[in-house]
Amino acid sequence: MRSQPALVLPFSVASSADDGDDGMLSSQATVAVATYSELVFLFTIGKRQLQLLGTLQAPFAEASAAKERTLLTVRNNCVCPTLNGVSDASCCISSMNALAFNLTTSRPSIEFSLRSSAPTCPSGPLCGAIFTYIVNSSLIAVANYIGGFVTFVDLWTGRSWLSTPISDVSLMHQVVPDLRCRGSDRIFAVDAGNFSVLTLDLYGLVLGRVQHTKRIRRLTLHPQLQFAYLLYEEDGEFGVWHWPDCVSLGEGVPYELTVWQTLPTREENKPTSLLITRDGRFLYTCTRTHYLPNIQNYVGIFNVSTGNPLLMRWVAIAGNNTRDCALINDEVLMAADVESNVLLSFRIDETTGDLAPMNTFTHASFGHPTMIVPL
């Protein structure tokens, strides 16, 4: 179904540019930052400046984008009671929306909206939707954290369908394309509840499973080599895996090679992001220290040009709950701290992968940023 156009509220905000980087970015990008408030913030980043373009007004938390249509999909997070200043999404799991925003016009509009009206979450099409992947210009796949399903939505017809259920403890945390397998119409789904990575076809049928003994949050494939990196959320680690091309088609068997920490110490932490540059040279880890006082937060920089990580350095950053990080054209790393309401940006050294501070964005209405989406 279609909705009324979303409100766009442009306003100018002065952001603090750090003078530690004298270089210019080679390109400009638009970035959406979703929050635990009623606003999604749109930024442009170019040269050395991060500038706020405006906002989309509605309660969102997670998002993804498709460049071929400049389409932004987001999910409703509701306005819930807070714990330590952060909204608890579980209070409104029966009223989730999956929204597709068309950003090709001067006034972004809602192109499609799917709402779960079921009184109990597991029987509805969306249940704690936490991650969205745009398969193509008409199909999106939504990982549902509660209920354990992947929901497929046809944006042209409005039809939706669920993946085959696995077990009562399934918690789908991510959907990932098998990028190294050209022409594959299958995707990987990270089941955090069952500690596994599933292979699904686009009808939702489960075709395979890679099992582990640790809770998995993210799967990141090396763009060129037969390696994958699995983020272990509860253990503060990531695993390095041998991951053959076309695993989704049943070719080759993945297996773990080594395990690495996501903080320089063994302090309690819950890693959130595992990013790799498009040329496959550098890998970055972001983490939450779970509201522990006086614990420094770090971004880890690893050289993965051979597939096997080589730790380059730990970069201390502000805050202790980095809810999400994103790479912008492999030139900038952006980090959102959900607790301190801060958006940070760092210039990436193309030779070493090192990070130099650029901008810090704060604003009175910038409430608990949760996800960064390059458009």
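Residues numbered from 1 in each chain as written. Predicted model: local features only at pLDDT ≥ 70, side-chain atom pairs only at ≥ 80, totals over all residues. Heavy atoms only, no water.

1. Observations concerning the overall build of the protein
Counting its regular elements, the protein contains zero helices and 31 strands. Counting every position in the protein, which comprises 375 residues, the buried fraction comes to 58%. A total of about 15,100 Å² of accessible surface is found on the protein, and carbon and sulfur atoms cover 52% of it. (Helix = DSSP H or I, 4+ residues; strand = E, 2+ residues; numbered from the N terminus. Buried < 20%, exposed > 50% of the residue type's maximum accessible area, 1.4 Å probe, protein only. Areas by Shrake-Rupley, 256 points an atom, 1.4 Å probe, with all protein chains shown as cover.)

2. Observations regarding the state of the cysteines
Applying the stated criterion across every chain, the model contains two disulfides. Between the sulfur of C286 and that of C325 lies a disulfide, 2.0 Å long from S to S. When the S-S torsion is -100°, as for the bridge of C286 with C325, the disulfide is left-handed. With C286 in strand 24 (residues 282-288) and C325 in strand 27 (residues 322-328), this pair connects stretches of sequence that are 39 residues apart. (Disulfide = S-S within 2.5 Å.)

3. Thoughts on the packing of aromatic side chains
According to the stated counting rule, one finds 12 aromatic pairs in the structure shown. Taking 5.9 Å as the distance between ring centres and 85° as the angle between the ring planes, the aromatic pair formed by F302 and W314 counts as edge-to-face. Taken together, the residues span a long stretch of sequence, with F302 in strand 25 (residues 297-303) and W314 in strand 26 (residues 310-317) at a distance of 12 residues. Like W314, F302 is buried. For the ring pair F361 and F366, a centre distance of 4.9 Å and an interplane angle of 85° mean the geometry is edge-to-face. In this pair, the class of F361 matches that of F366, namely buried. Every member of this aromatic cluster is reached through a ring pair, and the members are F41, F43, F361 and F366. (Phe/Tyr/Trp six-rings, centres within 6.5 Å; stacked < 30°, edge-to-face > 60°.)

4. Points about the environment of I216
Position of I216 relative to the elements: it lies in strand 19 (residues 216-221). By relative accessible area, I216 is classed as buried at 0%. A sequence separation of 22 residues divides I216 from N194, and the C-alpha atoms of the two residues are 8.8 Å apart. Here I216 is in contact with V190, A192, F195, S196, V197, L230, L231 and Y232, once residues within four sequence places are set aside. (Contact = heavy atoms within 4.5 Å.)

5. Observations concerning the nonpolar core
Counting residues in hydrophobic clusters, the biggest one holds 24 residues, and the most contacted among them are V150, F152, V175, I187, A189 and L200. Core analysis: the next-biggest nonpolar cluster, separate from the first, contains 19 residues, F43, A326, M334 and L343 among them. (Core = buried A, V, L, I, M, F, W, Y, C linked by side-chain atoms within 4.5 Å.)

6. Remarks on the pairing of strand 27
Here strand 27 lies mainly inside the structure; seven of its seven residues are buried. Hairpin connection between strand 27 and strand 28 (residues 332-337): a loop of three residues separates the two successive antiparallel strands, and N329 in this loop has a positive phi of roughly 55°. (Pairing = 2+ DSSP bridges.)

7. As for the sheet that holds strand 15 (residues 172-177)
Paired through backbone hydrogen bonds, the strands of a sheet run either parallel or antiparallel to each other. Ordered in space as 15-16-17-18, the four strands form an open sheet in which the pairing is antiparallel. Sheet topology places strand 15 and strand 18 (206-211) at the edges, where each strand pairs with a single neighbour. This sheet shows a mean twist of 25° between the axes of neighbouring strands, independent of strand direction. Looking at chain direction, strand 17 (residues 196-201) and strand 18 are connected through five bridges and run antiparallel. Each residue of the ladder has a partner; that of V197, found in strand 18, is V210. (Axes fitted to C-alpha atoms, helices over the stretch in contact; angles between N-to-C directions.)

8. A short note on the sheet that holds strand 23 (residues 270-276)
What the four strands build is an open sheet, ordered 23-24-25-26; its pairing is antiparallel. At either margin of the open sheet sits one strand with a lone partner, and together these are strand 23 and strand 26. Pairs of neighbouring strands in the sheet enclose a mean axial angle of 20°, with direction left out of account. Inspection of the sheet shows strand 25 paired to strand 26 by seven bridges, in the antiparallel sense. Paired with F302 across the two strands is L311, which belongs to strand 26.

9. Some points on the side chain of S170
Inspection of the secondary structure puts S170 in the loop between strand 14 (160-162) and strand 15. Judged by its relative accessible area of 2%, S170 falls in the buried class. Here D191 takes part through its side chain, which lies 2.9 Å from a polar atom of the side chain of S170. With sequence-adjacent residues up to four places away left out, S170 is seen in contact with Y145, G147, G148, D191, G193 and N194. (Polar contact = N/O pair within 3.5 Å; in protein donor to acceptor, adjacent residues only side chain to side chain.)

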